[in-house]
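For reference, the chains in residue letters:
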Amino acid sequence: MVEPADRSSTAGQRLGAPESFGVSTLEPGLRPPAQPPGRQVSMRVQMLDDTQEVFQISQRSPGKVLFDLVCAHLNLVEGDYFGLEYQDQRKMTVWLDLLKPTLKQIRRPKNTILRFVVKFFPPDHTQLLEELTRYLFALQIKRDLACGRLICNDTSAALMVSHIIQSEIGDFDETQSWQHLLHNKYLPDQDAIRDEIIDCHREHVGQTPAESDYQLLEIARRLEMYGVRLHPAKDREGTKLSLAVANSGVLVFQGNTKINSFNWSKIRKLSFKRKRFLIKLRADPTQNAHHDTLEFAMASRDCCKVFWKICVEYHAFFRLFEEPKPKPKPILFTRGSSFRFSGRTQKQIIDYVKDSEPKKVPFERKHSKILSNSSISPQSASTRSHVPKESATSIPLADQPDSDRLSHLAVPNGSEEPQAVTPPTNGLHGLTAAPGSDPTQPRQNHHVAGSVLDQQLLNPGSPGSEKSSLGGPHVAVNGNGSVNGQRMGRTGVLGAEQSAEIQPLSPLTSPLLTEAGYVRNDEEDEARRKKFPTDKAYFIAKELLTTERTYLNDLQVITESFHSAVGKDEAFPDSVKSLISANYDPVYKFHQGFLKETEQRLAQWEGRSNAHIKGDYQRIGDVLLKNIQGLRQLTIHLQKHSECLVELERACRSSRKVETLCRDFEQQRVCYLPLNIFLLRPLHRLLHYKLILERLCKHYPPTHDDFRDCRAALADISEMVLQLQGIMMKMENFQKLIELKKDLTGVEDLISPGREFIRLGCLSKLSGKGLQQRMFFLFSDCLVYTSRGMTPSNQFKVHGQLPLYGMTIRESEEEWGVPHSFTLFGQRQSVVVAASCTSEMERWVEDIRMAIDLAEQSSSLNNDLLSTSLSDNKLSEDGGGEQESEDELGGSRSSLERQGHRGNTTVHVCWHRNTSVSMVDFSIAVENQLSGNLLRKFKNSNGWQKLWVVFTNFSLFFYKSHQDDYPLASLPLLGYSVTVPSESENIHKDYVFKLHFKSHVYYFRSESEYTFERWMEVIRSATCSTSRSLPSTRKDLY
């Protein structure tokens, strides 16, 4: 611990400032200033490298004393770029005020961990003159990437991660780099760009850690979200926005897109009044004087004050030459806040470092396995010194590389007690944070009792958190969040309000699914939990089994049900019949054997047979490897499936009777999806195998017995997916055009070469009679708008087409006074449309602009648009042919529950729920398919009903069991929201998620943490449009 001592007479004068301003830039060997007398209090601080240090301060000392102790411990010269943040009693993250007493700000220091992080982000990293400062900034960027705060495109993300890896493990080695990426998570979606990261890492040979830090900051500083901390707010119209502050001024974001900025030179005053944050601008002669004040509503007055304070500090740090002087205390009354910035300004720091040329003190890179510490002043290993430790107590093992920590703390097979490390004298025990884990949730020690592991996240005010910090052996936490090989529970998906509760690590802590209406007691729950495996790999293998059952049932629709429906009819061409049988029957027979092997392995894994006594059957990689190698022999049949789809469509076009046969078959309950989707199921299944194997490889350590088989199977299936990817994308577009042709009337030749579907959805079209609901279909060459017809087939009637060639688009909300409206200017006509909300408008505008760019790239204007067969297609918007009465619209909305033809397609769901879906959403839905047992409960019911649930095509399909031939009911999820029940709903069960749309509420309960997270993941893919977050994927698809 740091002992109070008298400060050198020159230490406080290093920046030409009075002594009372503190010692944030102590030279090596100098001690911190004397502290006020009084009881000493221990404060824990988490550093940027995830280690924790304990500092002793007086109970009356201001926050600056603690901050200077941290800077002195790090020998940090440019410490004023940093700050200490913590979570107060209101659960808000705030900065430690350096002028106020620490204990007046932190009421419960034993339960609080302060985080030493970057507070001020300069626009140019070359302004950071010390290598240690750049290293700490690089750690901050690494943390922001891992938690998803620093958003960027895949190319920038891959390049930044490659520089981080170069600084940690050195020059590229394929095996070492691959294993390092498997054990450490630097990005939320790291697996998707792992190959790109490896390719970038190859280019950094010979680059030192200091050079890697420099390059990392060079890339990061150019990103729009660099250093941005969003504060939620709303404008006067109630639009959800976010405010942020940067070195240049105040920024306004909508989502993750910057929509406005106010430079410091234009801002006259910043203030807040209750929940309103006010920005007063300097008078602009070119604008109306009444608009010089901008008003934003925030969640509370406290939120306003927190943001106002950081704005004041940013302005002073970057704009002032020196620290502002304190205001004189008023004699009688006070007005306004006395808060001011405390510390050096950026100019003072730069001037001091340039003038004084302080000695370069070597420092230790906690996560780096490279011996060299400095590229600027290289030193030999013999002369390299460590950071002085006398001012704080370090957490053991935290300064070792990840692999070293794991080797020290690994437990064989997870069956033995981990070795306890001798605790330090202060009673704290080893704590290691997973690379890429949430930096705002510091992990406490994990207490081991037998085979049960409990984890508690240390938050202010959490019960028992003080007790949990003392005692207990050490457990290693690796990069994928597992403890001694066992996957740890995550609290992020349960919501912030539950993050302070103790979460059991076992993924099987809720009762297994039971028969409808059956109630179990706690003793039976516990017995059931002990009976089944709890390893995450088991639940991944179980997902393979449940989805394989659904896939085999889907194949049976083609090979048996469809064959029997059309086999005896002479009108159906024998060539098409033979083509389908020859290429689907072998696949069906193969997967029958695959399913049987998977069922046997799961039974052995669960111990339901005696086979587990003879060998280790708690693995699935060998089964997958064997069958995927067998599946490769069927590639020739998989390549023919596209031909089957084309030939079937050609037969329907040439024969009305064949078309009627297929339409009648789709009316059967066994055909719960459009027939063409079943034909593409084998190609879709390859993607599912690839995702399952990726999860297994991510879960297993490289030393696991099952890892090698899973990696080999993943390589085989990835090669197959790559080989068939082109066919798959073309067939998905072709199948979607076929389905849209059935939903539209008054259009011919919809399926034409080169035409690609982009988006469909509901918009309001402005006409002489006002806003009228219309269904829009966006293709790569034109935009079609329709209204819902009242025919028995529930088709949509085409009213107009807009060529995209030469079209322009402009937002026109102010012009027409219609919220979320925009105007499409075509060569023949202009159309004003309005979306249901801002996000819908942004999706449409983005897709239409992209489609216009595609049309512009074509050689010339395609005059052969969609051929129409309607004589009344040229009716004006005021004509009677396009009018719909309120009674007709009201009647049409109720048809979603009717059993009429094509009343439950995606197009109709979008119409009734006033939303839209893009081709990107369809492509993601293909990957996000899931099935398994769930317990369902209605809003006002008492019991839980066990159902077999299949999620596909944006809908949930409910069966009594997986052996049923057809679903009992379905629930389209477009427009629904998926959340976790609140405490007021009295759902006192684990792993329950809630689906709600208007007054419709459903609760579903899963069997484990893994299945709960998987169901939440796939359902969110249907209820939340992903188009805005995947622009690069969209361009690749179209």
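Residues numbered from 1 in each chain as written. Predicted model: local features only at pLDDT ≥ 70, side-chain atom pairs only at ≥ 80, totals over all residues. Heavy atoms only, no water.

1. Let's talk about the overall build of the chain
Filter applied, for reference: Secondary structure elements are defined from DSSP: runs of H or I of at least 4 residues count as helices, runs of E of at least 2 residues count as strands, and each element is numbered from the N terminus. For the exposure calls, accessible area comes from a 1.4 Å probe over protein chains only, and a residue counts as buried if that area is under 20% of its type's maximum, exposed if over 50%, partly exposed in between. Two residues qualify as a contact provided that any one of their heavy atoms is within 4.5 Å of a heavy atom in the partner residue. Here the accessible surface of atoms and residues is derived via Shrake-Rupley with a 1.4 Å probe, and residues count as covered only by protein chains that are part of the display.
Within the chain, the secondary structure is distributed over 27 helices and 34 strands. Evaluated residue by residue, the chain yields a buried proportion of 54% over its 1038 residues. Look at the contacts in the chain between residues 6 or more apart in sequence, and 65% of them connect residues 24 or more apart. Entry remark: accessible area of the chain is about 46700 Å², with carbon and sulfur atoms responsible for 49%.

2. Structural notes on a negative patch on the surface
Going by this rule: Surface patches are defined over residues having more than 30% relative accessible area and no salt bridge, joining like charges when they lie within 9 Å and nonpolar side chains (Val, Leu, Ile, Met, Phe, Trp, Tyr) when within 5 Å. For this document, the term salt bridge refers to a Lys or Arg side-chain nitrogen within 4 Å of an Asp or Glu carboxyl oxygen. Under the convention used here, Asp and Glu are negative, Lys and Arg are positive, and both His and the chain ends fall outside the count. The location of each charge is read from NZ of Lys, CZ of Arg, CG of Asp or CD of Glu.
Taken together, the side chains of Glu 237, Glu 811, Glu 813 and Glu 814 make up a negatively charged region of the molecular surface. By the element assignment, Glu 813 lies in helix H21 (residues 813-816). Exposure remark for Glu 813: the relative accessible area of 39% places this residue in the partly exposed category.

3. Remarks on unusual backbone geometry
Of note, Lys 91 is a non-glycine position whose phi angle comes to about 65°, a positive value. With respect to the helices and strands, the residue Lys 91 is situated in the loop between strand E3 (82-87) and strand E4 (93-95). A positive phi is found at Asn 914, a non-glycine position, where the angle reads about 55°. Examined against the element boundaries, Asn 914 turns out to sit in the loop between helix H24 (906-913) and strand E27 (916-918). When its relative accessible area of 34% is taken as the criterion, Asn 914 is described as partly exposed.

4. Focus: the confidence of the model for the chain
What counts is decided by this rule: As a per-residue measure, pLDDT tells how confident the predictor is, with possible values from 0 to 100.
The share of residues in the chain with pLDDT of 70 or more is 71%, and the mean pLDDT across the chain is 75. Considering each helix and strand of the chain separately, the mean pLDDT is smallest for strand E15 (residues 452-455), with a value of 32, and largest for strand E5 (residues 113-118), with 94. The low-confidence segment residues 1-30, where pLDDT is below 50, has 68 contacts with residues more than four positions distant or belonging to other chains. Segment residues 1026-1038 is flagged for pLDDT under 50; beyond a separation of four residues in sequence, or across chains, it makes 37 contacts in the model.

5. What about the sheet that holds strand E34 (residues 1000-1005)?
For clarity, the cut-off: Two strands are said to pair when DSSP picks up at least two bridges between them. Angles shown run from 0 to 180 degrees and are taken between the N-to-C directions of axes, each axis being a line fitted to C-alpha atoms and, for helices, limited to the stretch in contact.
If you walk across this open sheet you meet the seven strands as E31-E30-E29-E28-E34-E33-E32, and the pairing is antiparallel. Every interior strand has two partners, whereas the edge strands, strand E31 (969-972) and strand E32 (977-979), have only one. Neighbour-to-neighbour, the strand axes of the sheet open up by a mean angle of 35°, direction not taken into account. Across the sheet, helix H13 (residues 536-566) lies against strand E28 (930-938) and strand E29 (945-952), angled at about 90° from E28, the strand it touches most.

6. Focus on the pairing of strand E33 (residues 992-997)
Of all six residues that make up E33, five are buried, and the element is covered over most of its length. Where E32 meets E33, three bridges bridge the pair, whose relative direction is antiparallel. Bridge pairing in E33 links Ser 977 to His 996. Two elements, E33 and E34, share six bridges in a ladder whose sense is antiparallel. Bridging from a neighbouring strand, Leu 995 pairs with Tyr 1002 of E34. Taking the residues that link successive antiparallel strands as the turn, the E33-E34 hairpin has two residues, and the phi of Lys 998 there is positive, at about 55°.

7. With respect to the environment of Cys 152
Relative to the elements of secondary structure, Cys 152 occurs in the loop between helix H3 (131-146) and helix H4 (154-169). In the structure, Cys 152 is positioned 71 residues away from Leu 223 in sequence and 6.9 Å away in space, judged by C-alpha atoms. The contact partners of Cys 152, leaving out residues within four places of it in the chain, are Leu 145, Ala 157, Met 160 and Leu 223.

8. Concerning the packing of H3 against H4
Heads up, the rule is: Here roughly perpendicular refers to angles of 65 to 115 degrees, roughly parallel to angles under 35, roughly antiparallel to angles over 145, and oblique to all remaining angles. Each crossing is labelled by how the near helix is turned from the far one, with a counterclockwise turn of less than a right angle marking it left-handed and a clockwise turn marking it right-handed. Under the scheme applied, nonpolar residues are Ala, Val, Leu, Ile, Met, Phe, Trp, Tyr, Cys and Pro; charged residues are Asp, Glu, Lys and Arg; polar residues are all the others, including Gly.
At a closest axis distance of 11 Å, the pairing of H3 and H4 adopts a crossing angle of 130°. Comparing the axis directions of H3 and H4 gives the class oblique. Considering the relative orientation of H3 and H4, their crossing is left-handed. Facing Ile 141, Lys 142 and Leu 145 of H3, the residues of H4 in contact are Met 160, Ile 164 and Glu 168. Here the residues of the contact of H3 with H4 are counted per class, giving four nonpolar, no polar and two charged.

9. Quick notes on the pattern of salt bridges
This model, assessed by the stated rule, comprises 45 salt bridges. With a shortest N-O distance of 3.2 Å, Glu 597 and Lys 626 are connected by a salt bridge. On the criterion of sequence distance, the pair formed by Glu 597 in helix H14 (residues 574-606) and Lys 626 in helix H15 (residues 621-632) is long-range, its members being 29 residues apart. A residue is classified by how much of its surface remains accessible, and Glu 597, at 24% relative accessible area, is partly exposed. Here Glu 719 ties to Arg 632 by a salt bridge, and the two come within 3.1 Å at their closest N and O atoms. One end of the pair, Glu 719, is in helix H20 (residues 707-743); the other, Arg 632, is in helix H15, with 87 residues separating them in the sequence. In this structure Glu 719 comes out as partly exposed when scored by relative accessible area, which is 44%. On the accessibility criterion, Arg 632 (31% relative accessible area) is partly exposed.

10. What about the packing of H15 against helix H19 (residues 681-699)?
Between H15 and H19, whose axes approach to 13 Å, the crossing angle comes to 150°. The angle between H15 and H19 falls in the class roughly antiparallel. Considering how the two elements wind past one another, H15 and H19 form a crossing that is left-handed. Residues Leu 624, Ile 628 and Leu 631 of H15 lie in contact with H19, whose contacting residues are Leu 686, Tyr 689, Leu 693 and Leu 696.

11. Things to note about the environment of Arg 828
Mapped onto the elements, Arg 828 comes out in the loop between strand E25 (821-825) and strand E26 (830-834). Accessibility expressed as a relative area gives 60% for Arg 828, which makes it exposed. Distance in space between the C-alpha atoms of Arg 828 and Gly 806 is 10.0 Å, their sequence separation being 22 residues.

12. Notes on the packing of aromatic side chains
Using the following cut-off: We call Phe, Tyr and Trp rings a pair once their centres come within 6.5 Å, taking the six-membered ring for Trp, and we label the pair stacked below 30 degrees between planes, edge-to-face above 60, and tilted otherwise. Two thresholds decide whether a charge sits over a ring: the Lys NZ or Arg CZ must be within 6 Å of the ring centre and within 35 degrees of the ring normal.
The tally for this structure, following the rule as stated, stands at 35 aromatic pairs. Centre to centre, the rings of Tyr 81 and Phe 137 are 6.0 Å apart; their planes meet at 80°, and the pair counts as edge-to-face. Of the two residues, Tyr 81 is situated in the loop between helix H1 (63-74) and E3 and Phe 137 in helix H3; the sequence distance between them amounts to 56 residues. Note on Tyr 81: relative accessible area 0%, which makes it buried. Judged by its relative accessible area of 1%, Phe 137 falls in the buried class. Look at Tyr 314 and Phe 318: their rings are 5.5 Å apart centre to centre, the planes differ by 35°, and that puts the pair in the tilted class. Here Tyr 314 pairs with Phe 318, and both are found in helix H8 (residues 301-319), just four residues apart, close to one helical turn. Accessibility expressed as a relative area gives 3% for Tyr 314, which makes it buried. Site record: aromatic cluster; members linked through ring pairs are Phe 67, Tyr 81, Phe 82, Phe 116, Phe 120, Phe 121, Phe 137, Tyr 226, Tyr 314, Phe 317 and Phe 318. Directly above the aromatic system of Trp 178 lies the positively charged group of Arg 194, at a separation of 5.1 Å from the ring centroid. Looking at Arg 1005, its charged tip hangs above the ring of Trp 944, at a distance of 5.6 Å from the centre.

13. A word on helix H16 (residues 635-654)
Here is the rule: Each residue after the first adds 1.5 Å to the expected span of a helix. The reported bend at a residue is simply the angle between two axes, fitted to the 7 residues ending at it and to the 7 residues beginning with it.
For H16, built from 20 residues, the straight-helix expectation of 28 Å at 1.5 Å per residue is met to within 8% by its first-to-last C-alpha distance of 30 Å. Where H16 bends most, at His 641, the angle is about 25°. Within the sequence span of H16, burial applies to Thr 635, His 637, Leu 638, His 641, Ser 642, Cys 644, Leu 645, Leu 648, Glu 649, Ala 651 and Cys 652.

14. Things to note about the pairing of E26
Of all five residues in E26, four are buried; the element is thus mostly enclosed. Pairing of E25 with E26, which is carried by five bridges, proceeds in the antiparallel orientation. Bridge pairing links Thr 823 to Val 832 in E26. Turn length for the E25-E26 hairpin, with the two strands adjacent in sequence and antiparallel, is four residues.

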